[in-house]
Amino acid sequence: MPTTEASSLYQKRIPIFTRSVKGKFRSFKTAMLTLAYAVYFGLPWLPWHRGHEAVSQAVLFDLPGRKFYLFDLVVYPQDIFWLSLLLFIAGALLFFATGLVGRAFCGYFCFQTLWTDAFIFIERTVQGERPARQRLYKQAWNAEKLGKLGLTHLLWLAWAFWTAFTFVLYYGHAPELTVQFFSGKAPNVAYFTTLVLTLTTYVAAGWAREQVCLYMCPYARFQGVMYDPETMAVAYDSRRGEGAAGRALPRAGVRTLEERKAKGHGDCIDCKLCVQVCPTGIDIRNGLQYQCIACGLCVDACNSVMDSIGFPQGLIRYDSEANLSAKVPSKPRLHWKRLKIIGWGVALAIMSGALISSVGHRTSLDAAVQQMRQPLFVMLSDGRIRNRYQIRITNKGVEDEIYDISTKGVPDTALDMGNFREVKVRAGKSLIVQASVSLPQEMAEHDNSFEFMVTPRSQPAHAVALATRFDYKHDE
Amino acid sequence: MSQQKTQSVQTTGHVWDDDLQEYSNPLPSWWLMGFYASVIMALIYWMIYPAWPVGKHFTTGFNTVTYVNDKGQEKSWHWNTRAQLMKDMNEAQKMQKPYFDKVAAMPFDDIAKDPELTNFVNSAGKAIFADNCAACHQSGGQGKPGYFPNLTDDDWLYGGSYAKIQETITNGRHGYMPAFKEVLNDAQLDNLANYVASLSGEKADAAKAKAGDALFHSETAACYYCHGTDAKGRQQIGSANLTDKIWLWADVPGQTSPEKKVEAIHTVIANGLNRGVMPAWQDRLKPEQIKLLTAYVHGLGGGK
Ligand code: SF4
Ligand code: SF4
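Criteria and cut-off values
Residues numbered from 1 in each chain as written. Chains lettered and ligands numbered in written order. Predicted model: local features only at pLDDT ≥ 70, side-chain atom pairs only at ≥ 80, totals over all residues. Heavy atoms only, no water. Helix = DSSP H or I, 4+ residues; strand = E, 2+ residues; numbered from the N terminus. Rg over C-alpha atoms; globule rule 2.2 N^0.38 Å. Buried < 20%, exposed > 50% of the residue type's maximum accessible area, 1.4 Å probe, protein only. Contact = heavy atoms within 4.5 Å. UniProt positions renumbered as here; feature names shortened; annotations may be inferred. Pairing = 2+ DSSP bridges. Axes fitted to C-alpha atoms, helices over the stretch in contact; angles between N-to-C directions. Buried area = accessible area lost by both parts, 1.4 Å probe. Salt bridge = Lys/Arg side-chain N within 4 Å of Asp/Glu carboxyl O. Polar contact = N/O pair within 3.5 Å; in protein donor to acceptor, adjacent residues only side chain to side chain. Nonpolar A, V, L, I, M, F, W, Y, C, P; charged D, E, K, R; others polar. 1 Å grid on protein atoms, 1.4 Å probe; cavity = no way out; pocket = protein on both sides within 12 Å on 5 of 7 lines; lining within 4 Å. Points joined across faces, edges and corners; volume = space filled by probe spheres on them. Domains from an automatic or database assignment.

Colleague: Please explain the overall build of chain A as it appears in this structure.
Modeller: Along the backbone of chain A there are 17 helices and 15 strands. Against the globule reference of 23 Å for 476 residues, chain A gives a C-alpha radius of gyration of 32 Å, more extended than a compact globule. Each of the three principal axes of chain A carries a C-alpha extent, and together these read 110 × 60 × 45 Å. Per-residue burial over chain A gives 45% buried out of 476 residues. Across chain A, the fraction of contacts at a sequence separation of at least 24, relative to all contacts at a separation of at least 6, is 65%.

Below, the structure is given as structure tokens:
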């Protein structure tokens, strides 16, 4: 029903004090948080031995050197298509998972969720459980309030700082950078990044929280199109909960299941626990809402209530819209036999396979040839025709390497590389060498295409053939 | 947010046509704060950077950029993209300096044996070449027949050694050939043209070429004086080698019939040349730039 009372155009944030809860989804969330934090905060400190190369950090994003070190994998700018594959896989995985189980990402894996969870943990440790926090919020400013809130924010800031600082560690050698950072000798960009990320983490996880999910996150806007009636989502079984006469508090006379059934009341005892635990502050009993991040905490809350009063679990549960509205609801189960799900699954499998095989088949040599087109060819004083080429060799290995360059398809004597018939390329570096091929006119007319062979001395089996062409006249 | 708020929909309170109402879905107030914050940012930006036109001038902002200009003077200017570019160039030059120093200190042959330095020569040289030389010699050094020599072939009027190329860039060159129509009649010119065409294997009238041969080596025309008795040219004075297949002034390869080829040669002999002017670069480029450019041009494929 619309009400006609005038209201402000801007709304003050309504603070949310979430109650803590125990249950399998809470445990899963905690496990995810622990794992994610262990990886995020620990990874920069993991040493990794790489040949004689100086970089001894398992994961390092070397921006000035344009190389990403990921354990035994070194990613070069030429490997950019791995990134596009990875992005595709991430997108497909998101669609696949959302079609199947709704916003699983939001509730358990999203950074915003993880950090908000951690910040709420700090908040609760300092200020106490929900009623205590509500009391503190309403009470006038005094030493207690000042102390507790001050400590909370201090801890938040410290945690945000460590988060930001850890991020920076991925871009440099962690132990060295830490010493530099705290002795004021780190590059400016490190301080700037840390400052910005500290502030954004503090604001997003401390102050903005559900506002990020509600107003800023683009994913919340289009998740709806990925849902369909078979998608598993956190749902309140309103038929069971409301019954014919609606929910009712468990007063005398409507306490047991039989009594409630006789009076037409549903199983929901309107304890509002599901609302109190919700991090986005919604009431799941109003049906599927875009604000719901599918964290499952209300499921845990309601199950614990049902347990304590001896009602069966599952009033709030993961279930599909189709099943909830079915005449005889069956046990909730995954409906994966759908074109959309299978389609995304197949795309996911193909792309993951492509990425794995591409990464698995990488070699330490990357070479490319480019024909110089200004001029396309030149006639020498003795009438021979000369074409010029640039060959770029990148040594992606961890040892310096010598490469021999030869030709296939034109006589070896036609090739002139100045002083560089063999070139030494240092580990992780690229080099461009010039090559010219001169052929007598009669020959030039036949040898239209040929190959440069680049052979690493230590691994002749990994030689690369670079196909190119020889031009002796302008195309008409 | 039903935790605190009733679920009924609020309206703005306006009613039109008896029952038409407007839903109120208020924005969060931090959103409004964000808007104010961006207004403040705009003001700060306005104070720091050039912004408003004022008559024939504009507000320049407090921010300044300090850079060193071409003449080595330090300049401080209100922030603008040009000053910023100058500053960035200063920094880029600073980063290139060790390489330039290395090039300046090393003999040419050693530079050519160092793959990494050659790499630098090729990329930095390309930039200097594009700035200074490409206007005439074209971006790839291919030149323009009749105007500017091709630097990627193996024919060098003044010599293609490192030292000669360096000398050419430093001091410039001036090619000259007198007009022979003053001295010789048309038949004589024709004979000479046929002889010159025959030198590099082009089709020519054998009888005329024979007469031209005599004329070439005679005191009347005295062609041999500059082009040498073997017609191979003399690099000390930049006279062309007439026996190879490379033509600069007479566009022989560009002509379709043997007659036209001979005629192209004829025209050059008759009118002479005073176009082979290459300016001296010593006033415009620093010695280390010239040295690098020399190595680059040598590496274009024609160096000897
Ligand atoms: S409604 Fe339930 S699942 Fe959705 S966000 Fe709230 S607590 Fe999480
Ligand atoms: S927790 Fe369960 S019983 Fe309590 S109000 Fe929510 S749905 Fe009803």
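Colleague: Help me understand the UniProt feature "domain: Cytochrome c" (unreviewed entry) in chain B in this model?
Modeller: Per the UniProt record, "domain: Cytochrome c" (unreviewed entry) is found at residues 120-200 and 207-301 of chain B. In residues 120-200 of chain B, helix accounts for 51% and strand for 6%; the two terminal C-alpha atoms are 39 Å from one another.

Colleague: Honestly, the sheet that holds strand E12 (residues 422-425) of chain A in this entry has me stumped. Any pointers?
Modeller: What holds strands together in a sheet is hydrogen bonding between their backbones, with the strands either parallel or antiparallel. All names here are of chain A. Across the sheet, which stays open at both edges, the 4 strands sit in the order E12-E10-E14-E15 with antiparallel pairing between neighbours. The open sheet has two free edges, formed respectively by E12 and strand E15 (464-469), since each of these has just one partner strand. On average, each strand axis in the sheet is inclined to that of its neighbour by 25°, with strand direction left out of account. Judged from the 6 bridges that link them, strand E14 (residues 449-456) and E15 form a sheet pairing that is antiparallel. For Met 453, the partnering residue across the bridge sits in E15 and is Ala 465.

Colleague: Help me understand the interface of chain B and chain A in this model?
Modeller: Buried accessible area, meaning the area lost when the parts come together, often serves as the stated size of an interface. Across the contact, 43 residues belong to chain B and 46 residues belong to chain A. Here chain B and chain A share an interface that buries about 3,900 Å² over both sides, 51% of which is from carbon and sulfur atoms. Between the two partners, chain B and chain A, sit 1 salt bridge. A salt bridge links Glu116(B) to Arg426(A); the nearest nitrogen and oxygen atoms lie 3.1 Å apart. Where chain B packs against chain A, one counts 12 residue pairs in polar contact (both at pLDDT 80 or more). Those elements that place two or more of their residues in the side of chain B that touches chain A are strand E1 (11-16), strand E3 (27-28), helix H1 (29-48), helix H3 (108-113), helix H4 (115-132) and helix H11 (287-302) of chain B. The element contributing the most residues to the side of chain B that touches chain A is H4(B), with 5 residues. Looking at the side of chain B that touches chain A residue by residue, the class counts come to 12 nonpolar, 23 polar and 8 charged. With 2 bridges connecting them, strand E1 (residues 10-11) of chain A and E3(B) associate as parallel partners. Pairing of Tyr10(A) across the sheet is with Leu27(B), part of E3(B).

Colleague: I tried to follow the UniProt feature "transmembrane region" (unreviewed entry) in chain A on my own but got confused; where do I start?
Modeller: Residues and elements named next belong to chain A. Those places that UniProt annotates as "transmembrane region" (unreviewed entry) correspond, in this numbering, to residues 28-46, 80-101, 154-173, 189-208 and 341-360. Annotation note: span residues 28-46, helix share 79%, strand share 0%, distance between end C-alpha atoms 26 Å. Annotated as 100% helix and 0% strand, the span residues 189-208 places its first and last C-alpha atoms 26 Å apart.

Colleague: Just to check I follow, could you spell out the layout of surface pockets for this structure?
Modeller: One water molecule sets the probe size; rolling that probe over the atoms shows where empty space is left. Residue and element names in this part refer to chain B. Put simply, the second largest pocket is a space of about 1,000 Å³. Lining the second largest pocket are 24 residues, and of these Met 89, Gln 93, Gln 96, Lys 286 and Gln 289 sit closest to its centre. Counting residues per element, the ones that place at least two in the lining of the second largest pocket are helix H2 (81-105), H4 and H11. Partitioning the lining of the second largest pocket into residue classes produces 9 nonpolar, 7 polar and 8 charged. Among the domains, domain 1 (64-105) and domain 2 (127-301) are the pair contributing at least three residues each to the lining of the second largest pocket.

Colleague: Would you take a moment to explain the sheet that holds strand E2 (residues 59-62) of chain A for this structure?
Modeller: Residue and element names in this part refer to chain A. Across the sheet, 3 strands lie side by side as E2-E3-E4; this open sheet has antiparallel pairing. Every other strand in the sheet has two partners, leaving E2 and strand E4 (73-75) as the edge strands with one partner each. Put simply, the sheet's adjacent strands are angled 10° from each other on average, direction ignored. Relative to strand E3 (residues 67-70), E2 runs antiparallel, the two being bridged by 4 bridges. If you follow Asp 62 over to E3, its bridge partner there is Lys 67.

Colleague: I keep staring at empty space enclosed by the protein and nothing clicks. Help me out?
Modeller: Residue and element names in this part refer to chain A. Under the definition given, this model contains 5 cavities of 30 Å³ or more. In this structure, the largest cavity occupies an estimated 100 Å³ of space. In terms of residue class, the lining of the largest cavity is built from 12 nonpolar, 2 polar and no charged. Put simply, the second largest cavity is a space of about 80 Å³. Along the walls of the second largest cavity sit 14 residues, with Cys 268, Cys 271, Cys 274, Cys 302 and Leu 315 positioned nearest its centre. Elements that contribute at least two residues to the lining of the second largest cavity include exactly helix H13 (273-276) and helix H14 (297-309). Among the elements that take part in the lining of the second largest cavity, H14 stands out by supplying 3 residues, more than any other. Classifying every residue of the lining of the second largest cavity gives 11 nonpolar, no polar and 3 charged.

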